[in-house]
Amino acid sequence: MDADSLLARLQPDEPVNLAQQLIRIPSFLWQESELAHWLAAWLRERGFEVEVQEVPLAGGGCTHQTIGTLRGDGGGPSLMLCGHTDTSDWQGDVFRRADWRHDPFAGDIEDGMLYGLGAINMKGGLAAILMAAETLRRSALPLRGDLIVACVVAETGGGAGAQHLLASGLRPDNCIVTEAGNLDIGLISVGYVQGLVRVLGEFKHRVPYVNPIEKITRVIQAFGPSYRPLPSVLDGGWLRFEPHPLLPGFPAMAVRDISHHQDVTTLAFDLRILPGMSEDSVRSDMTGLLEDIRREDPDFSYELVIPQSDRHQSMPAREATDPDAPLVQALIAAHSQVNKQAPRVGAGHRIGATADTCHFKGAGITCVEYGPGYIPVWPMVDECIEIDQIVSATRTLALTAAALCTGRSQNE
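To start, this report covers the structure provided alongside it.

What counts, and where the lines are drawn
Residues numbered from 1 in each chain as written. Predicted model: local features only at pLDDT ≥ 70, side-chain atom pairs only at ≥ 80, totals over all residues. Heavy atoms only, no water. Helix = DSSP H or I, 4+ residues; strand = E, 2+ residues; numbered from the N terminus. Contact = heavy atoms within 4.5 Å. Areas by Shrake-Rupley, 256 points an atom, 1.4 Å probe, with all protein chains shown as cover. Lys, Arg positive; Asp, Glu negative; His and termini not counted. Charge placed at Lys NZ, Arg CZ, Asp CG, Glu CD. Pairing = 2+ DSSP bridges. Axes fitted to C-alpha atoms, helices over the stretch in contact; angles between N-to-C directions. Core = buried A, V, L, I, M, F, W, Y, C linked by side-chain atoms within 4.5 Å. Buried < 20%, exposed > 50% of the residue type's maximum accessible area, 1.4 Å probe, protein only. Expected span 1.5 Å × (residues − 1). Salt bridge = Lys/Arg side-chain N within 4 Å of Asp/Glu carboxyl O. Nonpolar A, V, L, I, M, F, W, Y, C, P; charged D, E, K, R; others polar. Phe/Tyr/Trp six-rings, centres within 6.5 Å; stacked < 30°, edge-to-face > 60°. Lys NZ or Arg CZ within 6 Å of the ring centre and 35° of its normal.

1. Let's talk about the overall build of the protein chain
Phase 1 of the analysis: Helix and strand content of the protein chain: 10 helices and 15 strands.
Phase 2 of the analysis: Over its C-alpha atoms, taken along the principal directions, the protein chain stretches across nearly 80 × 45 × 40 Å.
Phase 3 of the analysis: Long-range pairs, those at least 24 residues apart, make up 78% of the contacts in the protein chain with a sequence separation of at least 6.
Phase 4 of the analysis: For the protein chain, the exposed area adds up to about 17100 Å²; of that, 48% sits on carbon and sulfur atoms.
Phase 5 of the analysis: Separation between the mean location of the 33 positive side-chain charges and that of the 52 negative ones in the protein chain comes to 1 Å.

Rendered as structure tokens:
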């Protein structure tokens, strides 16, 4: 079956309509069960083998994620199309909800853009993987390798859903994570280490005392300006790392929050790391920096907390996927066929962002990022995505899945 015949099984409005439906089901971080059960029903109605996984949460409770599978005969490589169901949670609500022109859960379309919470991060990508798999199912092409659609939870919580998926024993040969990458092929991502620095002081009135608010300014100064490139220890900095040619400008970090209560001031930080760095190396390097401050100021007392919490684990940084890997080459060919031009390949539009690819790569799965959506700034008021990119991504993923899972070119 040639590409045109395969793609004739897909109507252009289908992935967009599906994305609208997904937006209308709220799925804040850790609150994704309703959407998981809706997705399970959608997949079962279309003949997919379906598993709904219960994902336990640190501190108690659980949420749910859904995996749908089209089985091959075992004679070829398997492919997993993966998207996360959680939407960005800003202290339990929509980012600056009062400033939105569109209802965050309506799925409005205006001037070629789909609006709603999760439109770009990442229900547009989620709709693309579902409709790409459904397009291949409709084609009735015999599959050699399994095609898996994984709708995982808690990517913004450190990838808890992806890690649970791996712990369940699933090991596809290849994986595409449909983060919003402006249809670039992402071979590499940074990781992150997020944590807290607590500075301890005294609580008094009218007399001199050790004020932790004043002391924490030493830490802020040592960390430097937000998300500016950090020097290595060889260049006078405090972090140990080797620069990476695909990730210029990193590592970089920012202070994300400061709170104070009585005799404790707490700083929350986000450090974007490179391959070769780890949570342990960051903890060691940051402890050395804080100890230097303490030696200069005996009244400086601190606690370093990494990771930030049990529910917000670190995201490791992995090396780049081989651009000559069959997955990458199939994706390049499919994108070029759909869009009439070659994609950008490398760190891409999402440079500086993280994704569940890090967990899949760590399990030995060949993995890349490829998804619809251009993010000019994050977080977004009136989060939105170009509907043409959702359609383009769906077509590209359908052709890629057909090439890998059937073992034949779509030119045949």
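2. What about the sheet that holds strand E4 (residues 109–110)?
Phase 1 of the analysis: With antiparallel pairing, the 3 strands of this open sheet are ordered in space as E4-E5-E15. On the outer flanks of this sheet lie E4 and strand E15 (384–386), each paired with one strand and no other.
Phase 2 of the analysis: The sheet contact formed by E4 and strand E5 (residues 113–115) spans 2 bridges and is antiparallel. Its bridge partner lying in E5, glutamate 110 is registered against methionine 113.
Phase 3 of the analysis: Against the sheet, helix H4 (residues 119–139) touches E5 and E15, its axis set at about 45° to E15.

3. Notes on the nonpolar core
Phase 1 of the analysis: Ranked by internal contacts, the top residues of the largest apolar core, which has 63 residues, are Leu79, Leu130, Leu147 and Ile176.
Phase 2 of the analysis: Once residues within four sequence positions are removed from consideration, leucine 79 is found in contact with Asp146, Leu147, Ile148, Asn174, Cys175, Ile176, Leu327, Ala401, Leu404 and Cys405.
Phase 3 of the analysis: Within the second largest apolar cluster, 32 residues are counted, among which are Val219, Ala252, Ile273 and Ile306.

4. With respect to the pairing of strand E10 (residues 252–261)
Phase 1 of the analysis: Relative to strand E11 (residues 264–273), E10 runs antiparallel, the two sharing 9 bridges. Paired with serine 259 across the strands is threonine 266, a residue of E11.

5. Side note on H4
Phase 1 of the analysis: Compared with an ideal rise of 1.5 Å per residue, which puts 21 residues at 30 Å, H4 spans 28 Å between its outermost C-alpha atoms and is within 8% of the ideal.
Phase 2 of the analysis: The element H4 is largely enclosed, with a buried count of 19 among its 21 residues.
Phase 3 of the analysis: Two residues or fewer after H4 comes alanine 140, characterised by a positive phi angle close to 65°.

6. Things to note about the pattern of salt bridges
Phase 1 of the analysis: For the coordinates displayed, the defined rule picks out 24 salt bridges.
Phase 2 of the analysis: Glutamate 296 is the salt-bridge partner of arginine 218, the closest N and O atoms lying 2.6 Å from each other. On the criterion of sequence distance, the pair formed by arginine 218 in helix H6 (residues 212–223) and glutamate 296 in helix H7 (residues 279–296) is long-range, its members being 78 residues apart.
Phase 3 of the analysis: On the basis of relative accessibility, which here comes to 59%, the residue glutamate 296 falls in the exposed class.
Phase 4 of the analysis: Taking the shortest distance from any N to any O, the salt bridge between aspartate 285 and arginine 240 comes out at 2.6 Å. Residue aspartate 285 is found in helix H7, and its partner arginine 240 is found in the loop between H6 and E10; the two are separated by 45 residues along the sequence.
Phase 5 of the analysis: When salt bridges with common partners are traced through the structure, they connect Glu14, Glu134, Arg137 and Arg138 into a single cluster.

7. Notes on the packing of helix H2 (residues 13–23) against helix H3 (residues 33–45)
Two quantities define a packed helix pair, namely the angle between the axes and the distance from one axis to the other.
Phase 1 of the analysis: Contact geometry for H2 and H3: axes closest at 11 Å, N-to-C directions at 145°. Residues Leu18, Gln21 and Leu22 of H2 touch H3, and the partners they reach there are Leu35, Trp38, Leu39 and Trp42.
Phase 2 of the analysis: Broken down by class, the residue content of the contact of H2 with H3 amounts to 6 nonpolar, 1 polar and no charged.

8. Here's the deal with the packing of aromatic side chains
Phase 1 of the analysis: Under the criterion given, the structure shown has 5 aromatic pairs.
Phase 2 of the analysis: Here the aromatic rings of phenylalanine 28 and phenylalanine 105 are separated by 6.2 Å at their centres, their planes lie at 85°, and the arrangement is edge-to-face. Here phenylalanine 28 is found in the loop between H2 and H3, whereas its partner phenylalanine 105 is found in the loop between strand E3 (79–84) and E4, with 77 residues between them in sequence. Here the two residues phenylalanine 28 and phenylalanine 105 agree in accessibility, since each one is buried.
Phase 3 of the analysis: Taken together, Phe223, Trp238 and Phe269 form an aromatic cluster joined through their ring pairs.
Phase 4 of the analysis: Looking at arginine 311, its charged tip hangs above the ring of tryptophan 30, at a distance of 5.4 Å from the centre.

9. Focus on the sheet that holds E11
Phase 1 of the analysis: Pairing in this open sheet of 4 strands is antiparallel, and the strands run E10-E11-E9-E12 from one edge to the other. Lying at the two open borders of the sheet, with one neighbouring strand each, are E10 and strand E12 (301–305). On average, adjacent strands in this sheet sit at an angle of 20° to one another, irrespective of strand direction.
Phase 2 of the analysis: Summarising the sheet, strand E9 (residues 191–200) and E11 pair through 10 bridges and their orientation is antiparallel. Residue pairing across strands places glycine 195 opposite phenylalanine 269, the latter belonging to E11.
Phase 3 of the analysis: Sheet contacts for H6: E9, E10 and E11; angle to E11, the most-contacted strand, approximately 10°.
Phase 4 of the analysis: Where H7 meets the sheet, it contacts E9, E10, E11 and E12, and its direction lies at approximately 170° from that of E12.

10. With respect to the side chain of aspartate 356
Phase 1 of the analysis: Among the secondary structure elements, aspartate 356 is positioned in the loop between strand E13 (345–346) and helix H9 (357–362).
Phase 2 of the analysis: Nearest to the buried, unbridged aspartate 356 among oppositely charged side chains is arginine 350, at 9.1 Å.
Phase 3 of the analysis: Here aspartate 356 is in contact with His84, Val152, Glu155, Gly159, Ala162 and Met315, once residues within four sequence places are set aside.

Fair warning: the whole summary comes from geometry, so function is off the table for now.
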